[in-house]
Structure formats: structure tokens, C-alpha cells
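If you want the building blocks of each chain, they are given just below.
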Amino acid sequence: MTTLELFLRALTLQAGYNSALVAVGAGLLGIAGGGAGAFVFLRKRALVSDAVTHATLPGVAIAFIVMVLLGGDGRWLPGLILGSAASAAIGLMGVEWITARTRLGEDAAIGAILSVFFGLGIVLLTVIQTMEGGKQAGLDTFLLGSTAGMLIGEAVLIAAAGAVAVGLVAILRRPMTLVAFDPDYAATLGINVRRTDLAMMGLALVVTVIGLKVVGLILIVALLIIPPVAARFWTERVDRLILIAAGIGGVSGFTGAALSAAARDMPTGPIIVLVAFALFALSLAFSPRRGVLASAIRHRRFQHRVHLRQGLLAMARGEAIYDRLTLRILRRRGLMRGDGVMTRTGRGAAGRAQLDETRWATARRLRADDPVLERYDGLTPIDQVLTPDQVAHLDSLLPKPEAT
Amino acid sequence: MSLDSHIELVSDGGYAVETGGDDCPLEVRGLTVAYGEKPAVFSVDARFPSASMTAIVGPNGAGKSTFLKGALGIVPRLAGEVRFYGQPLKEARRDVAYVPQRASVDWDFPARVIDVVMMGLYREVGLFRFAGSRHRARAMDCLERVGMQDFADRQIGQLSGGQQQRVFLARALAQDAELYLLDEPFAGVDAATEHAIVSVLKGLKAAGKTVVCVHHDLSTVTAYFDRAMLINMRKQSEGPIAEAFTSETLQATYGGRLAESQIAELRLGSC
């Protein structure tokens, strides 16, 4: 079977029980990550979550050592999760403490915690390699994630924790939204900002520790950040941002796990992240609201409107036009002949532009405080803003044109 | 310790501060707020009576906004006691609405105008329910009061500064509170917005609500407000405009930064 066939079978859950289990688990993990990550993103705490995820490593290693010393299996997942959660929580408190109690900024605190905890974790992993009889093989898959040899109990654990995280997002979305937008105001409504922030980071922590096995701790932060960032291109509403981010996360997790199941020896985490990045790149390019392509087109249209207007006004005043873009636009629209002389339509359009300009100037002089006139931008014709009656009244007030 | 037992201890310019009845919307005693070890507001006593409109006035960095934030517990208090309608803020939250400075938030947030106004209904909607059409109708009502009903579905980042300020006011109106605390609502807004906000605030006062505004524009104090509190870390004066907003108090608050002639001009505005 080719890799493609394997991938398609994994994608349709036909590549065997284990692959299906892993794909579904990774999908749920992605949904939880996108949902929780939406608030981390809105609260601008992405880098803090990066520190937190790296701070899990010493916990994983210490939990492994402790479980082996107690005579158990060092790779028992719930134990490793507990250990990682504890050390990540300590890392988070470290960042907060440094930020609040010293003159160091949050960026310095993040850098310090991230590197120190990760370094400590690597040292402990090396110590573990020298331990005897601990079945230490495979512990390093926590760095980049792996789905090979996942047990059903582990998949169920991931799915259950993911479901809890999704439920918490649903319940806490309103206070977390308020705190993310305007923490001072949220506080006056009686929302405990500190506790809400803790809940948010707690959610990120849950996603991190249940994602350790599948995505790995180095890249799990991508599952928190990339989906909401991609989702931001598609909506202007928080509720939808959460749903879209969860969707993108879910698709990334599911597809990525299926891909890595098809291509043997591929680490799962990087594949999932690459899939998520592909969705991000598509959003960046093609979103109709905020995408790069749409912005470029909008900008170009706007530029053309400006040039057209300026050209028409210059023509009305009988001024020569030198700007090449302006000349091109005027000619293409049949407003000017090749030799620079106005056509009949050109004269009409220029006259109308001049009249509109005079109307605006008069209206703005007479009614400076009228909110309707806030819409003046030099491009919108005044008859789109005022009613025909108002325009007629305005015309009776216009300064008399000079006799020609 | 009850409030009454230490009234004698807290004094205002040598006179015992008037005892606040339980109906006083906002009463502040000995409020001190510091950033690091530098006090921004030092031992300020103030009372804001019901159905009044007070301007908090002072030079830049004089602690005007900090006074409001300290009263609301947004920044930690070093010392002092604050009572809303005779109770700590915790018991009186539903009566108090705050309008922060417009520049304090990131307006590129994924929200529409109506979403921001609905935030004011947070305590009513609660955690587990969805906002219903009744809530939406109330939010629309508040938008109409500030003349922004046509912008309900606009993304907030597309609004002008003045429009953003009106949205913030509408959000506070949605709380249907008794006391409104506003931080620089007139800063950097257009004339249309300034008119809209003033008329809403005067309407609130007419309806018996209490309004307290951090205000930076000395030339409009007498036209918009009936009371003033002058502050420059310490409170310089407080009371009806005629008593609190005089050339002496302005001189004391602003020091040499305000020329006599300017002050005379401001006083003329009040006649």
C-alpha cells in the first residue's frame, strides 16, 4: 500500500482500531486546544503558555523516576500527567511571581522560566537514561509526540480530559471574554480577574498535559495558538472565534494523526502543527475580511477611487494631470481621450464631482456638529448620505457659481 | 469598626467631615493609592451626593483616574475606606457603573458594537444562560440613547474615537445603575460626541442618578457640571462649582501653570 492509501484509510478510520483511536483522540485534543487557546490568544498570553508547556518536562522526568523507585512502571500516563501538571503550575507561578514582584518584565520572566525548566528536564532525562530496568525507552517521545503504541486507556483519558476542557470553555466564555477585552471593567462587574486568568491558564495547562503524549511538549503550544490566530481571519465575534478555532484545531489534530499513522516513523506533533499551519496560511491568504489577498484588492480599489476623484476634480478646475495612474484610470473609463482632452462623459463626471465637493463644503460649514456629516471622507457622494429633499435644500444655499 | 466610630478622626481642613447617611452614593475617606512607593492619591476624603454631577479636575498625573480606580478597587488601596450607598462595593455592585478610558482597551478585539454593550448585562444574563432577545432589545435601547443604533453590527475597530466612547457609555447605561463613574469621557472626541454624552449625562442627573467624571477641559466644567472636586494628589477643594471651582482653588491645584487671566476667563463662564 502506498502512503497515500494508508493516509486515506487512516482519515476514514479504516486503518485499524489503534489508528482510529489515535486520530479521534488527537482530534478531540485539537478541539480543546483551539477552544482554550482562543482565550489565551485574546488575552495576549501566548508566550506565557509557551513557558508553561516547556515547564512540564522536569515534572515528567521526576514522575518517571519516582514511579520507578516505587517499583512501578515509569511510563504510567496518569502519573506522568500529574507530574507534568505540577511542574507546569510551578513554572506558571514563577512567571507570575517574577512579573509581579520584581522589576523584570514578563518577557524576561518567560525566557528565564522556559529555559531553566527545559534545561532541568533535559538533564533529568539524561539521568533517566542511565537508570537500570526502568523501561526508559520512549520517554523522549514526550518531546515531539508519538502515537505509536498508544493504549486504549490513554486515549480515553485524553478524550475525557478534552471533553472537560471544552465544557469549561463553554461555561467560562463570558467572564473570560470580558477579562480579555477590558479587565478593569470586568472587575467592576464583580468578576474576579485573577481567578479568571488562573482558570484560563488552567485550561491551557489541561490541554498541555493531555497533549504531551500525542503532540509533545515542545510543540503543544502551537495547538493553543495557531487555531485561534487562523480563526481570527474569519470572524469578528468571540463566540464564532472559539468555534472556528476549535474546528481548525480538531481538523489539524485528526488529519495530522492520520498522516503520521500512515507515514511510519513520523513524529505526530510536528505533522499536526504543519497541518494547522497550512490552515493558517490558507486563512491568511484567502480570508475575505482580513486576508492578505482581500486587503490588497480592497486597497487597490480604494486607491483607484481616490485617483479617479482627484483626477475629476483636477479636470473640473482645468488643471493639467501628470500622475500616470490617474491618467490611466481616466482614459480607461472613457473620461479622457488619449491626447489628454476631456470627453463629453468626462466633462459631465467632472462637473458632478465639483458640485458634490461644493455641497459637502457648504453642508459641513453650516452644520458642523451634525453626526450624519461624520461620514465625509472625500469620496462618498453627499446624496448617499442626505435625502433628496435635504440635497435640494442644500442646493438653494450653495454659493452662486461665478458667471462664465 | 463601624464608619461612625472614627468620623472624628478623619477631618477635612480642620472640620469634621459631614456624616454620610446611608443614601450617599459614594463616600471616600482617607483614600491613599501608591504606585510603588510614590503616592498618586494621598488621604483624600470626598462625598458625592445623590443626583449630582461632579467633575474631578486636576493637572496631568494628579491622580484623577487613580482616585476613581482606587475607589472601585481596580488598583489596590494602601489606606482608606470607600462606601457606595453606605456599603462596601461588593454589596453595591449593581448600583455602580464604570466607564474606563477609551484608550485602555485594544479595539481590534473580535466584537461588534452590540456585543460590547451586552457586556453591561453580564450580571443579569449570568453564566449559564444565553442572552435573549430581551437583552438585545435593551442593549439597542442604550445604543439609541447615545445615537449609535445604526452601528450595532459594526466591528468596534471600525469606529471613530468618539463613537467608541459612546459605545462605552452605552455599555454602562445597560447596567441601569444609580451611580456612574466616568474616566475622561470627553478626551479626544468630536463635537457631536461631546454633545451626545453631555445630554445623556444630564438626563441621568435629571432622573436622580449620580454622575462623577474625570474631566480635563477646564473651559467646560461650569457648563457641564454642578459640582467639582479639584485634586493634585491631595484634594484641593470639593463642593458646588461656586465654592470649589474658584481662582484660589484652581491656583492651589495647578500652581503657577495657570495664569490669572485664564482663571478669570474660566470663572466668567460660570456667570
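Residues numbered from 1 in each chain as written. Chains lettered and ligands numbered in written order. Predicted model: local features only at pLDDT ≥ 70, side-chain atom pairs only at ≥ 80, totals over all residues. Heavy atoms only, no water.

- Named according to an unreviewed UniProt entry, chain B is Manganese/zinc/iron transport system ATP-binding protein originating from Thalassobaculum litoreum DSM 18839.
- On record in UniProt, under Sequence similarities (unreviewed entry), the comment for chain B is "Belongs to the ABC transporter superfamily." (UniProt positions renumbered as here; feature names shortened; annotations may be inferred.)

- By the naming in an unreviewed UniProt entry, chain A is Manganese/zinc/iron transport system permease protein, taken from Thalassobaculum litoreum DSM 18839.
- For the record of chain A, the UniProt heading Sequence similarities (unreviewed entry) holds the text "Belongs to the ABC-3 integral membrane protein family."
- For the record of chain A, the UniProt heading Subcellular location (unreviewed entry) holds the text "Cell membrane".

### Focus: the interface of chain A and chain B
- Opposite the 28 residues of chain A that make contact, chain B presents 38 residues.
- Note on chain A versus chain B: buried area summed over both sides is about 2900 Å², and carbon and sulfur give 60% of it.
- One can count five salt bridges joining chain A with chain B.
- Of the charged contacts in the structure, one is a salt bridge between Asp108 of chain B and Arg232 of chain A, with a shortest N-O distance of 3.5 Å.
- On the surface where chain A and chain B come into contact, there are 11 residue pairs in polar contact (both at pLDDT 80 or more).
- Put simply, the parts of the chain that give the side of chain A that touches chain B at least two residues each are helix H8 (152–181), helix H9 (183–188) and helix H12 (238–262) of chain A.
- When residues of the side of chain A that touches chain B are assigned to their parent elements, the largest contribution, eight residues, is made by H8 of chain A.
- Along the lines of polarity and charge, the residues of the side of chain A that touches chain B split into 13 nonpolar, four polar and 11 charged. (Contact = heavy atoms within 4.5 Å. Buried area = accessible area lost by both parts, 1.4 Å probe. Salt bridge = Lys/Arg side-chain N within 4 Å of Asp/Glu carboxyl O. Polar contact = N/O pair within 3.5 Å; in protein donor to acceptor, adjacent residues only side chain to side chain. Helix = DSSP H or I, 4+ residues; strand = E, 2+ residues; numbered from the N terminus. Nonpolar A, V, L, I, M, F, W, Y, C, P; charged D, E, K, R; others polar.)

### Some words on the environment of Gly162 of chain A
Residues and elements named next belong to chain A.
- With respect to the element layout, Gly162 can be found in helix H8.
- Looking at Gly162, the relative accessible area reads 1%, which means it is buried.
- Gly162 sits 131 residues away from Ile31 along the chain, and the two C-alpha atoms are 7.7 Å apart.
- Aside from chain neighbours lying at most four places away, what touches Gly162 is Ala32 and Ile210. (Buried < 20%, exposed > 50% of the residue type's maximum accessible area, 1.4 Å probe, protein only.)

### Considering the confidence of the model for chain B
- The predicted model of chain B averages 86 in pLDDT, with 85% of residues at 70 or higher.
- Interface confidence for the predicted complex, expressed as ipTM, amounts to 0.87; the pTM equals 0.83. (pLDDT = per-residue confidence, 0-100.)

### Some points on a positive patch on the surface
Residue and element names in this part refer to chain A.
- Side chains of Arg300, Arg324, Arg328, Arg332 and Arg333 sit close together on the surface and give a patch of like positive charge.
- It is helix H15 (residues 324–332) that provides the largest number of residues to the positive patch, a total of three residues.
- Overall, the relative accessible area of 46% leaves Arg300 in the partly exposed class. (Patch = residues over 30% accessible without salt bridge, like charges linked within 9 Å, V, L, I, M, F, W, Y side chains within 5 Å. Areas by Shrake-Rupley, 256 points an atom, 1.4 Å probe, with all protein chains shown as cover. Lys, Arg positive; Asp, Glu negative; His and termini not counted. Charge placed at Lys NZ, Arg CZ, Asp CG, Glu CD.)

### Description of unusual backbone geometry
All names here are of chain B.
- In the Ramachandran plot, Ser43 falls in the positive-phi region, its phi being about 45° despite a non-glycine side chain.
- With respect to the helices and strands, Ser43 occurs in strand E4 (residues 38–48).
- Despite not being glycine, Ala51 shows a phi value in the positive range, around 55°.
- Among the secondary structure elements, Ala51 is positioned in the loop between E4 and strand E5 (53–57).

### Quick look at the pairing of strand E11 (residues 234–240) of chain B
All names here are of chain B.
- Here strand E10 (residues 227–232) runs beside E11; their pairing, made up of six bridges, is antiparallel. By the bridge assignment, Ile231 is partnered in E11 with Lys235.
- Adjacent in sequence and paired antiparallel, E10 and E11 are bridged by one residue, among which Met233 carries a positive phi angle near 70°. (Pairing = 2+ DSSP bridges.)

### As for the sheet that holds strand E6 (residues 79–83) of chain B
All names here are of chain B.
- Ordered in space as E4-E3-E6, the three strands form an open sheet in which the pairing is antiparallel. Of all strands in the sheet, those bounded by a partner on one side alone are E4 and E6. On average, each strand axis in the sheet is tilted by 20° relative to the strand beside it, whichever way the strands run.
- With seven bridges connecting them, strand E3 (residues 26–35) and E4 associate as antiparallel partners. Directly across from Ala34, in E4, lies its bridge partner Pro39.
- Strand contacts of helix H1 (residues 64–71): E3, E4 and E6, with the helix running at about 115° to E3, the strand carrying the most contacts. (Axes fitted to C-alpha atoms, helices over the stretch in contact; angles between N-to-C directions.)

### Some points on the sheet that holds strand E8 (residues 179–183) of chain B
All names here are of chain B.
- If you walk across this open sheet you meet the six strands as E7-E8-E9-E5-E10-E11, and the pairing is mixed. Of all the strands in the sheet, just strand E7 (96–99) and E11 have a single pairing partner and so form its edges. Between one strand and the next, the sheet's axes are offset by a mean angle of 15°, whatever the strand orientation.
- Direction of pairing for E5 relative to E10: parallel, over a ladder of four bridges. Bridge pairing links Val57 to Leu230 in E10.
- Contacts between helix H6 (residues 161–174) and the sheet are confined to E7 and E8, with E7 contributing the most and set at about 170° to the helix.

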